[in-house]
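Here is what each chain is made of, one letter per residue.
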Amino acid sequence: MAARHGDQDGPGSGSGPASHPTSSASASASTGSAGSGLASDPASRSGRSASASGSEGSGSEGSASASASGGPETIKTITLDDIRGAQKTLSGISRLTALEGSRYLSGLVGSPVHLKCENLQRTGSFKLRGGYVRISGLSPEERAAGVVAASAGNHAQGVALAASLLGVRSTVFMPEGAPLPKIAATRDYGAEVRLRGQIVDETMRAAQEYAERTGAVFIHPFDHPDIIAGQGTVGLEILEQCPEVRTVVVGIGGGGLAAGIAVAVKALRPDVRVVGVQAEGAAAYPPSLAAGRPVSIEAPVTMADGIKVGRPGDVPFQIIDDLVDEVRTVTEDELSSALLLCLERAKLVVEPAGASPVAALLSAPESFEGPVVAVLSGGNVDPLLMQRILRHGMAAAGRYLSLRLRLTDRPGALATLLGVLSTLDANVLDVSHVRTNPRLGLSEAEVELHLETKGTDHCEEVREALRGAGYTVMA
């Protein structure tokens, strides 16, 4: 699942380990400044790795913009003091979210696994932290001009609430196809919502044009030091709540959360391993880390819209390149299975992006040294999407089976089929009976079945039993 930094054959090769030389830009942006307590020797982190995936192109949320501070040469160093200052700023604003143990995941990994529940944060994700720190640092003149943001959901809600708490006018641009619950929540938090574009890239451009036209301050979702410092408070809380932690696993989109956590954790506990996780269809960091600079991937595709970003941010990239030990990718099946596990076993509603660390644990539990803390970054999921994901997750776990089969079109044929299924202990959820179709013979009918099953072995037993009973199983 994971290849190494600096793959000899380039991004996507899947080749074996190779050492990762730290670039001069990365070194200049290192958070190992005097007094920060950060480990600054790149050789001490030579075990870092990255999953190979992706190609150059355009991206998603935040991918259309350049560095907030003008490029790698001018990136401000983010230190432990910055994050501690952000923690003071957030006192009484953000919640100290729970750290819940998972007996099931602990059993898989072979050591304690804890879930950092940022899905229970105000607005349903960690985004309030960075948004509030960023807006609170604006001058009176900047606050008077208002703020503007672009997002498909979590960042929108975080900025809207942060601005309201600080008495600042906010305008949030969202894609025209954004889920209605997220649009409604953003408005309820006090923002003026404007729907522009079909994808977040288009929405981002509309927000930036608005900022240039009106003088409103553009609040980037991840590519700004104040945003990263705010998100880094999650790392401080993890160390306070689980001082014995050995591995922190966190999802990566643009990189703000992972970068902030890495600065905080490596400053205080350089021995702790920080592992980032990306969706396989939206993994811009592996090729970027291999190239030593942020590169874009074309048309990222994943159900995890919270980490669906086509290009790393310049500011977080430098930190992740220097401090994050490994970046892994997970599949859509693994994401949906993780979301289902969070719901069933932990009784937690988590969005696909928030479930990505759990997906990584499920895919290779033996590769994580515990105690492990997995960051559930958000819980804002549209109910209709949740329904589809749960069905997908059940299918991936072998608990949901869809198939089509043909039978002789005669009275009682369907009842006979259902009788066969009853003996197999497969629960019929839905039946579609088609008798007229050009692809069917005069004496044939086609039945589409949706069944609740007990696992992958049971699914295969059902298929074989139906074939044995003389039915033609089409799928």
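## Quick notes on the packing of aromatic side chains
For any two aromatic rings, the description comes down to two numbers: the centre-to-centre distance and the angle of the planes. A complete count under the given rule lists 2 aromatic pairs for this structure. The positively charged end of Arg-328 is found above the aromatic ring belonging to Phe-368, 4.5 Å away from the centroid.

## Notes on the environment of Ala-258
Examined against the element boundaries, Ala-258 turns out to sit in helix α10 (residues 256–268). Along the backbone, Ala-258 and Gln-231 are 27 residues apart, and their C-alpha atoms lie at a distance of 8.2 Å. Apart from residues lying up to four places away in sequence, Ala-258 is in contact with Val-250, Gly-251, Ile-252, Ile-320 and Val-324.

## Some remarks on the pairing of strand β12 (residues 400–408)
Remark: a regular strand shows side chains that alternate across the two faces of the sheet. In the sheet, β12 pairs with strand β14 (residues 444–452) via 9 bridges, with the strands oriented antiparallel. Pairing of Leu-405 across the sheet is with Val-447, part of β14. Pairing of β12 with strand β15 (residues 472–473) involves 2 bridges; the strand directions are antiparallel. Following the sheet pairing, Leu-405 is matched in β15 by Val-473.

## Some words on the sheet that holds strand β4 (residues 147–150)
Strand pairing in a sheet is mediated by backbone hydrogen bonds. Such pairs are either parallel or antiparallel. With respect to topology, 4 strands assemble into an open sheet ordered β6-β5-β4-β7, the strand pairing being parallel. What marks the edges here is a single partner per strand, and that holds for β6 (192–195) and β7 (217–218). Across 4 bridges, strand β5 (residues 170–174) lies against β6 in parallel orientation. If you follow Phe-173 over to β6, its bridge partner there is Arg-194. The strands that helix α6 (residues 154–165) touches are β4 and β5; relative to β4, the one it contacts most, it runs at about 165°.

## Some points on the side chain of His-458
Relative to the elements of secondary structure, His-458 occurs in helix α17 (residues 456–468). Within the local environment of His-458, its side chain forms a polar contact with the backbone oxygen of Leu-424, the two atoms lying 2.8 Å apart. Setting aside chain neighbours within four positions, we find His-458 in contact with Leu-424, Asp-425, Ala-426 and Thr-453.

## Some thoughts on the pattern of salt bridges
Counted by the stated rule, this structure contains 15 salt bridges. For Glu-237, the salt bridge goes to Arg-129, with nearest N and O atoms at 3.0 Å. Of this pair, Glu-237 sits in helix α9 (residues 225–241) while Arg-129 sits in helix α4 (residues 127–136), and the two are 108 residues apart along the sequence. Arg-129 matches Glu-237 in its accessibility class, with the two residues each being buried. When the shortest N-O distance is used, the salt bridge between Arg-246 and Asp-271 registers 2.5 Å. Residue Arg-246 is located in the loop between α9 and β8 (247–251), and its partner Asp-271 is located in the loop between α10 and β9 (273–279); the two are separated by 25 residues in the primary sequence. Given the relative accessible area of 25%, Arg-246 is considered partly exposed. With a relative accessible area of 39%, Asp-271 lands in the partly exposed category. Within this structure, Lys-116, Glu-118, Arg-129 and Glu-237 form a network of salt bridges that share partners.

About the criteria used
- Residues numbered from 1 in each chain as written.
- Predicted model: local features only at pLDDT ≥ 70, side-chain atom pairs only at ≥ 80, totals over all residues.
- Heavy atoms only, no water.
- Phe/Tyr/Trp six-rings, centres within 6.5 Å; stacked < 30°, edge-to-face > 60°.
- Lys NZ or Arg CZ within 6 Å of the ring centre and 35° of its normal.
- Helix = DSSP H or I, 4+ residues; strand = E, 2+ residues; numbered from the N terminus.
- Contact = heavy atoms within 4.5 Å.
- Pairing = 2+ DSSP bridges.
- Axes fitted to C-alpha atoms, helices over the stretch in contact; angles between N-to-C directions.
- Polar contact = N/O pair within 3.5 Å; in protein donor to acceptor, adjacent residues only side chain to side chain.
- Salt bridge = Lys/Arg side-chain N within 4 Å of Asp/Glu carboxyl O.
- Buried < 20%, exposed > 50% of the residue type's maximum accessible area, 1.4 Å probe, protein only.

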